[in-house]
Amino acid sequence: MIYVCVPVHNEARTVGLVLWKVRQVFTAFVREYQIIACDDASTDGTADVLASYARVLPLTVIKHHKREGYARTLEELLRLALQRTDRPKRDCAITLHADFVHAPETMDEMVKRIESGADLVVAEQNRALGRTRSWPERLARQWAPRLLRVGGAVKDSVSGFIALRLIVLRQATQGGSAEPPLLTTEGWAANAELLARLSVHARRLEVVPSAARYDLQQRPSRAKPWQQLLSAWRSRSLISAARKGSGVIVLALLASGNTLAQDTVCTGVPAGSSTTAAAATVAVVPVIKRTPAVPFPVGERLTFSAKYGVFSVGSATMEVIGIDTVHQAETVHIRFKLTGGALWYHLDQTIESWVGLYDFRSRRFSNIQDERGKHRESRFEIFPDSGFYREAGRDTTAATVQDPLDDASFLYWLRTVPLEVGKRYEYARYFRPDRNPVIIEVLGHDKVSVAGKKWRALVVRPKIPQGRGILAEKSETRIWLSDDKQRLVLAIQSNFSFGQVTLKLKDYVVPGAEGGADQQ
């Protein structure tokens, strides 16, 4: 997840354009993102602009009723991003000004650097486009970074346009505590102070060039050059102390056996060191193994025969294809494929889902169907953390539910939930909110003979209001699930335009199942 943090004060002319540019960047450079904007007591039309964009973008708006200032606003946004993330080692935040001086298109390169292992990326102003600034402005912009040096490769310490891995912010704020404040200065000095406090916790810091877009800025600069220079001069010792103080904290934590390592696990003892001495300087981090929310093994394959009355009319398969990465999340790729027909009717349908391995939430869904010579195809990118989905071929987004599922993933998720005979369950988990709730009725027990053996089964009736396909309400679908811990799909009965078709399990492969590696 990428959290784009935008402090705003009286930017009604530009903030909407900036937000829309962010959307364009992450439409072309597909990543899961949220925008968090803080309206610092604006007195123009900023609040109305933000409210209108909040209806169409993954945007959270915070409102200050009295002016808090740039530094406190920026810190509040960063702390909110840290509070929201559940993966601080992977997720990042980007600070972006609302006056269009920062070029949002630089964000894709900044994110690439984070994904390549950097913990902190600074977008440095390498050229200025547009209006000619006064000589005091140019002088102040040139000398302020020299007064506020933060070390490393950073030359433009007052940029204010940075990307940071959120684990670095957590370390800099001592676990996210609201006290003491992270930023104690204001203006350009606050940007340098933020870098100083973060850089010591970053294993790798990189810089990228970025043009200052004064050609798009719609108002004169609010920066008062001589005040900024004076503030920078007065803040030199504080910035230096922030860096050195953070360094002392790091050494103290290492000496006490705590670790600031983010991804590495140290289990060895340095050559020539005693175990006791090594224990004082080397932290041992336990490896925590996460339990997958999707319990079905890669390679599981269920094959069905399709019958229309006594006639064989085709076949179908359900299978777990593999593990993929979608929107930076580890996902399980599953597929349901149906092929068949008779006389004048023919149907080929493939629905695929990429569902989060550790959270069982859909990230991508596709439905490709050829029926009676007509081809229909729909593909969706789903961003559950951001709360929206996007259909391929359309330039707009739509809101989704908190824990979205699609047609294919519902078939698998249904196998994991407890079901009692006679109960009716409602789940508001379909990724298109207007088609909720999905209704599951447990009709009873049954005995079926499929795949060469007899099974005790649970019979369920799923219904997606206004849905399409085999789970549509009008299809009157019934599913037979094995009444055991595997919950295999034994049979599916569904209505089509020409009549009722029954899919019966013909054979199955479940890698690692009890009683052998495979069962058939």
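Computed from a predicted model, the values in this text were never measured in an experiment.

Basis of the calculations
Residues numbered from 1 in each chain as written. Predicted model: local features only at pLDDT ≥ 70, side-chain atom pairs only at ≥ 80, totals over all residues. Heavy atoms only, no water. Helix = DSSP H or I, 4+ residues; strand = E, 2+ residues; numbered from the N terminus. Expected span 1.5 Å × (residues − 1). Buried < 20%, exposed > 50% of the residue type's maximum accessible area, 1.4 Å probe, protein only. Contact = heavy atoms within 4.5 Å. Salt bridge = Lys/Arg side-chain N within 4 Å of Asp/Glu carboxyl O. Patch = residues over 30% accessible without salt bridge, like charges linked within 9 Å, V, L, I, M, F, W, Y side chains within 5 Å. Areas by Shrake-Rupley, 256 points an atom, 1.4 Å probe, with all protein chains shown as cover. Arc of directions from axis to C-beta. Pairing = 2+ DSSP bridges. Polar contact = N/O pair within 3.5 Å; in protein donor to acceptor, adjacent residues only side chain to side chain. Phe/Tyr/Trp six-rings, centres within 6.5 Å; stacked < 30°, edge-to-face > 60°. Lys NZ or Arg CZ within 6 Å of the ring centre and 35° of its normal.

Chemist: It is not clear to me how helix α1 (residues 15–28) should be interpreted in this structure. Could you clarify?
Modeler: Working note: α-helix, 3.6 residues per turn, so residues spaced by three or four point in the same direction. Across its 14 residues, α1 extends 20 Å between first and last C-alpha, which sits within 8% of the 20 Å expected from 1.5 Å per residue. For α1, every residue scored as buried is listed here: Val 15, Gly 16, Val 18, Leu 19, Val 22, Arg 23, Val 25 and Phe 26. On its buried face, α1 is in contact with β1 (2–8), β2 (33–40), α2 (46–54), β3 (59–64), α4 (107–115) and β15 (397–399).

Chemist: Explain unusual backbone geometry to me, please; I cannot follow it from the model alone.
Modeler: It is generally the case that most residues other than glycine have a negative phi and that most peptide bonds are trans. Geometrically, the link from Asn 436 to Pro 437 is a cis peptide bond, its omega value of 0° lying close to zero. Of note, Pro 437 is situated in the loop between β16 (424–427) and β17 (438–450). With a phi angle near 55°, Ala 41 is a residue other than glycine that sits in the positive phi range. As for its placement among the helices and strands, Ala 41 is situated in the loop between β2 and α2. Even without being a glycine, Phe 360 presents a positive backbone phi close to 50°. Along the chain, Phe 360 falls in the loop between β11 (345–356) and β12 (362–371). Owing to a relative accessible area of 5%, Phe 360 belongs among the buried residues under this scheme.

Chemist: Looking at this structure, how should I read the pattern of salt bridges?
Modeler: If the charged atoms of two oppositely charged side chains come close together, the side chains can form a pair. On inspection of all chains with the given rule, the structure shows 26 salt bridges. In this structure, Arg 67 and Asp 40 form a salt bridge, with 2.8 Å as the shortest nitrogen-oxygen distance. Within this pair, whereas Arg 67 is found in the loop between β3 and α3 (70–84), its partner Asp 40 is found in strand β2, the two being separated by 27 residues in sequence. Using a relative accessible area of 3% as the deciding quantity, one classes Asp 40 as buried. Measuring nitrogen to oxygen at the nearest pair gives 3.5 Å for the salt bridge that ties Arg 456 to Asp 483. In this pair, Arg 456 sits in strand β18 (residues 453–463) while Asp 483 sits in the loop between β19 (478–482) and β20 (489–496), placing the two residues 27 residues apart along the sequence. A single salt-bridge network, built from bridges that share partners, covers Asp 359, Arg 361, Arg 363, Asp 385 and Asp 403.

Chemist: Would you explain a nonpolar patch on the surface in this entry?
Modeler: Nonpolar side chains collect at one region of the surface, where Tyr 308, Val 310 and Phe 311 lie side by side and expose about 350 Å² of accessible area between them. Tracing the backbone through its elements, the reader meets Phe 311 in strand β9 (residues 311–326).

Chemist: Would you explain α4 in this entry?
Modeler: Along α4, the residues that are buried comprise Met 107, Met 110, Val 111 and Ile 114. Buried residues of α4, viewed axially, fall in a sector of 95°; they line one side. Just downstream of α4 lies Gly 117, where phi reads positive at about 120°.

Chemist: Would you mind showing me how to read the pairing of strand β8 (residues 301–308) here?
Modeler: Two faces belong to every sheet, and in a regular strand the side chains alternate between them. Of the pairings in the sheet, the one linking β8 to β9 comprises eight bridges and is antiparallel in character. Its bridge partner lying in β9, Phe 304 is registered against Ala 316.

Chemist: Just checking my understanding: could you explain the environment of Ala 329 for this structure?
Modeler: Its place among the elements puts Ala 329 in strand β10 (residues 329–342). The class for Ala 329 is buried, based on a relative accessible area of 4%. For the pair Ala 329 and Asp 359, spaced 30 residues apart in sequence, the C-alpha to C-alpha distance is 9.8 Å. Leaving out residues up to four positions away in the same chain, Ala 329 has contacts with Arg 90, Asp 324 and Arg 363.

Chemist: In this structure, what is going on with the side chain of Thr 400? I would like to understand it.
Modeler: Residue placement: Thr 400 occurs in the loop between β15 and α10 (407–413). At 2.8 Å, the side chain of Thr 400 and the backbone oxygen of Phe 431 are in polar contact. Leaving out residues up to four positions away in the same chain, Thr 400 has contacts with Ile 382, Phe 383, Gly 387, Phe 388, Tyr 389, Phe 431 and Pro 433.

Chemist: Explain the packing of aromatic side chains to me, please; I cannot follow it from the model alone.
Modeler: What describes a pair of aromatic rings is the distance from one ring centre to the other and the angle between the planes of the rings. Taken as a whole and judged by the stated rule, the model has 15 aromatic pairs. When the ring of Tyr 33 is compared with that of Phe 388, the centres are 5.9 Å apart and the planes differ by 65°; the resulting orientation is edge-to-face. With Tyr 33 in strand β2 and Phe 388 in strand β14 (residues 388–391), this residue pair connects regions lying 355 residues apart in the sequence. Accessibility expressed as a relative area gives 0% for Tyr 33, which makes it buried. An aromatic cluster is defined as three or more aromatic residues linked by ring pairs; in this entry it consists of Phe 365, Phe 380, Tyr 389, Tyr 430 and Phe 431. Over the face of the ring belonging to Trp 455 we find Lys 453, whose NZ or CZ atom lies 4.4 Å from the ring centre.

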